[in-house]
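Structural description and commentary
The chain contents come next:
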Amino acid sequence: MNKTKYAKSLLAIAIAASPMMLMANEAVQEKNAQEENAPEKASRVEKIIVTAQKTSEPLSEVPIALSAFTGDFIQKAKVNDIKQIVRFTPGLSGESTDSFIDSLSVRGISTNGFGIGGDSSLGIYKDGVYFGRNGAAVASFFDVERVEVLKGPQGLLFGRNAASGAIHTITAKPVMDYTEGYFRLGAGERGRQQAEFAFNQPFADGWAMRIAGIHSEEDGFVENLYNNKDIGAHDRNAIRLSIKNEADWGDVTLSGEYEDRKQYGSIYMSQDIDGNLHNGDNRTANVDWPGKDNAEVSSVTLTANINIADNMTLTSITGFNKHDWLYQEDWDGLPYSIAGYVQDQEGEYLSQEFRLNVQASKDLKWYIGASAYQEDISALLSNKTGNLDELFGPGYSDIYESNYSEGDYSGWAIYGDMTYQLTDKMDFSLGIRYTYDEKVMETDIQGQGIIWGVQTLEPVTAKQDWDDLSPRVTLRYFPDEDVMIFASVSEGYKSGGFGTDTLTDLDPEYGQPTPDSTLEDFDKESVISYEIGTKGSLIDGQIGYGISAYYYDYQDLQMVKAELGKLAIDNVGQVDGFGVELDLVTSFSDYWDVFLGVAWSDTESNDIPLESCSDILGNSCNGNSLAFNPEWNISGGINTYYPLEGGEIVTSLDFSWQSEFYSTLSNNSTESVDSAGFVNLRTGWESEQDWSLTFYVENLLDKESFAASFLELSLGFHTKVGATMPRTAGVEFMYSF
């Protein structure tokens, strides 16, 4: 019986869920002819190859805190998008079901803004191309080769700088040697229906094609008392076509992808000041403004690797993506519309990156690169009230306000990195990046005093630019072939931007714009991070481990402060961040393996002005922890497999848990989310005939939690947001060829 194939599937879950790096253990080794009569050995933690540093190298030798998730894990653990990676990646938090990425936090650093005037602190990439906008970045996972999560500032590895970290999705590429493919069908509770396929076909003269697609739909899981309907449904469809050519000179791949995503927006539930839900149930809402989170996202990527010489490769990555996104939410959580919010956004992003990798000698390798981008984006933000006469008296009903902004953004960067072999066991890397960003923005505000307090007679324009020099230094030491120790210092940068709600030079008497008014800008923010760590294996490779400890100095935070009539964005203060991350994966037997990941994080804010941030009692935010930053984050599980004639029974149990966290820097107890843990179970049959049938239960213990909790003092709202999915059972069939 061929046991290797089935073991790979299970170990992929262990590999990916173990949150940093090590892993890729083929738990059961298929005996080859040379080993046929040898005694059977226990499985080993082996090396997998990643490209996080723009060159192929074993994951266990990369001097970066890095989690690698295989495509097999993505399928089996039913990880649908980048937000669901959160539950398996200690150091990463902020999972929710909407298309916003502002709450995604790496080691405590998140974006803290949802408009189009700024940028994301977290770099999100697909096949080397940047996807950095709400509505566009959270795409469905399907036919994925792997996902790499890099923690800490990343200035040298991608075309855009990333202050907190990066999530990079590498899709499956055409294979030249054989025809292959698969299809996967699934069904579950609440009308869940899922289908995924991929087909790879080689042609003559070094050409091959791969096509893949996915469909997913599910009914709502939250009862809405306002109309007695369930809300929270989704319907997603996506397709990708890739064509690749390989020749003596190198290779080129052209890929096009389209996704049509329809789902409900964030679900808000009102609560009292003590955190008790008015509806008395974590999965019961009472909202009158319909939610909507609909996006069409298309992209084209052209990647070429040209072998200039045996030791020199030129890589070109050309990317274009376009998104149209319509988002609606009832953010008061009440059955009468005080706050019915709409964001109608569209954008186009074009980028070009060139990179030259050179192995100059046995002891020296280096790469240099240059990148440029052009982004055009627009968004119409609006809010409409319902019939509020009974609450506030005449004049407060059916008030419509809007804010329309257009952005024309561009930038470029040059970067380089050099690695020198100091001794047989030690090497040293030095890299640096220069970045220039420019933004031109035009905004038209028609406020009525509830959300926006001003009215512009004509669009207000502004232009600003920022630049930065970001270094990275790394020292790597191999005491022996099973252990690697590293230390690094790196700096990350996020450009400044504009607060599209805030104008300068208002009339002092009436508070309205003057001919001199322009958009208020905010400055860049920066992070310098210090990290030490080790990766390796023990007991003849039966235990793989990774340990890292870090400290960062986070300067000039771009912080949103909600005020009546505007959302102001200021650069404020400084944050000290400390943390330790531990990863273990073991495989002592051919029939089971265990994985565990633990992260501890502590952040402390300093020099935060009282007028920029205070708690509900008016106390300073100094000493507070960053938002969406749980102190503890733990994930793990066990995989077992039992061979029988014709196949194997495979069973996987995984869990994730995080401690209490705050939704804002104010650290109000009313804005905290309690600690929560979740357990998932999968069991099924994997046949030697290349098919499998799996039964699963997600959220086995039916635990309840939320993505965030907010207190909006200026408007009097107190809400919990983003209820977790209930226990869900389902079945899945897969056939590959």
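Since this is a predicted model, take the numbers as computed values, not measurements.

Helices and strands together make up the secondary structure of the protein, namely three helices and 41 strands. Over its C-alpha atoms the protein spans a radius of gyration of 26 Å, differing by no more than 12% from the 27 Å that the globule rule assigns to 737 residues. When each of the 737 residues of the protein is scored for burial, the buried share is 58%. Sequence-distant contacts in the protein: of pairs separated by 6 or more residues, those separated by 24 or more amount to 67%. In the form shown here, the protein has an accessible surface area of approximately 29,200 Å², with 55% of it arising from carbon and sulfur atoms. In the protein, 51 positive and 114 negative side-chain charges are present, and the distance between their average locations comes to 7 Å.

What follows concerns the pattern of salt bridges. Applying the stated criterion across every chain, the model contains 35 salt bridges. In this structure, the salt-bridge partner of Glu-259 is Arg-261, at a minimum N-O distance of 3.8 Å. Across the pair, Arg-261 and Glu-259 agree in class, each one buried. Salt-bridge contacts for Arg-283 lead to Asp-702; the nearest nitrogen and oxygen are separated by 3.4 Å. In this pair, Arg-283 sits in the loop between strand 17 (268-270) and strand 18 (284-285) while Asp-702 sits in the loop between strand 38 (691-698) and strand 39 (706-712), placing the two residues 419 residues apart along the sequence. For Arg-283, a relative accessible area of 10% puts it in the buried group. Asp-702 gets classed as partly exposed once you look at its relative accessible area, which sits at 28%. Among the charged side chains, a salt-bridge network with shared partners connects Asp-119, Arg-133, Arg-160, Glu-375 and Lys-439.

Read from one edge of the open sheet, three strands run 17-40-39, paired in antiparallel fashion. Bordering the open sheet on either side are strand 17 and strand 39, each of which pairs with just one other strand. Each strand of the sheet is rotated relative to its neighbour by a mean of 25°, with strand direction disregarded. One ladder, built from three bridges, connects strand 17 with strand 40 (residues 717-723); its direction is antiparallel. Counterpart to Met-269 in the pairing with strand 40 is Lys-720.

Together, Asp-344, Glu-346, Glu-348, Asp-376, Glu-406, Asp-408 and Glu-442 line one region of the surface with negative charge. At the level of elements, strand 21 (340-359) and strand 23 (400-421) are the ones that each hand at least two residues to the negative patch. Sort the elements by how many residues they give to the negative patch and strand 21 lands first, with three residues. By the secondary structure assignment, Glu-442 is in strand 24 (residues 426-446). When its relative accessible area of 34% is taken as the criterion, Glu-442 is described as partly exposed.

A cluster of nonpolar residues, Phe-183, Leu-185, Phe-197, Ile-239, Tyr-258, Trp-691, Leu-693, Phe-695, Tyr-735 and Phe-737, forms a patch on the protein surface that exposes about 870 Å² of accessible area. If you list the elements that add at least two residues to the nonpolar patch, you get strand 10 (180-188) and strand 38. Broken down by element, the residue count for the nonpolar patch peaks at three residues, all from strand 38. Counting through the fold element by element, Phe-183 comes out in strand 10. Overall, the relative accessible area of 33% leaves Phe-183 in the partly exposed class.

The next point concerns the sheet that holds strand 13 (residues 222-224). Strand pairing within a sheet occurs via backbone hydrogen bonds; the two strands may be parallel or antiparallel. Taken together, the three strands give an open sheet; going across it, the order is 14-13-18, and neighbouring strands pair in mixed fashion. Each of the sheet's edge strands pairs with one partner strand only, and the pair in question is strand 14 (229-231) and strand 18. Where strand 13 and strand 18 come together, two bridges link them in parallel fashion. From the neighbouring strand, Asn-224 faces strand 18, where its bridge partner is Ala-285.

Definitions and cut-offs
- Residues numbered from 1 in each chain as written.
- Predicted model: local features only at pLDDT ≥ 70, side-chain atom pairs only at ≥ 80, totals over all residues.
- Heavy atoms only, no water.
- Helix = DSSP H or I, 4+ residues; strand = E, 2+ residues; numbered from the N terminus.
- Rg over C-alpha atoms; globule rule 2.2 N^0.38 Å.
- Buried < 20%, exposed > 50% of the residue type's maximum accessible area, 1.4 Å probe, protein only.
- Contact = heavy atoms within 4.5 Å.
- Areas by Shrake-Rupley, 256 points an atom, 1.4 Å probe, with all protein chains shown as cover.
- Lys, Arg positive; Asp, Glu negative; His and termini not counted.
- Charge placed at Lys NZ, Arg CZ, Asp CG, Glu CD.
- Salt bridge = Lys/Arg side-chain N within 4 Å of Asp/Glu carboxyl O.
- Pairing = 2+ DSSP bridges.
- Axes fitted to C-alpha atoms, helices over the stretch in contact; angles between N-to-C directions.
- Patch = residues over 30% accessible without salt bridge, like charges linked within 9 Å, V, L, I, M, F, W, Y side chains within 5 Å.

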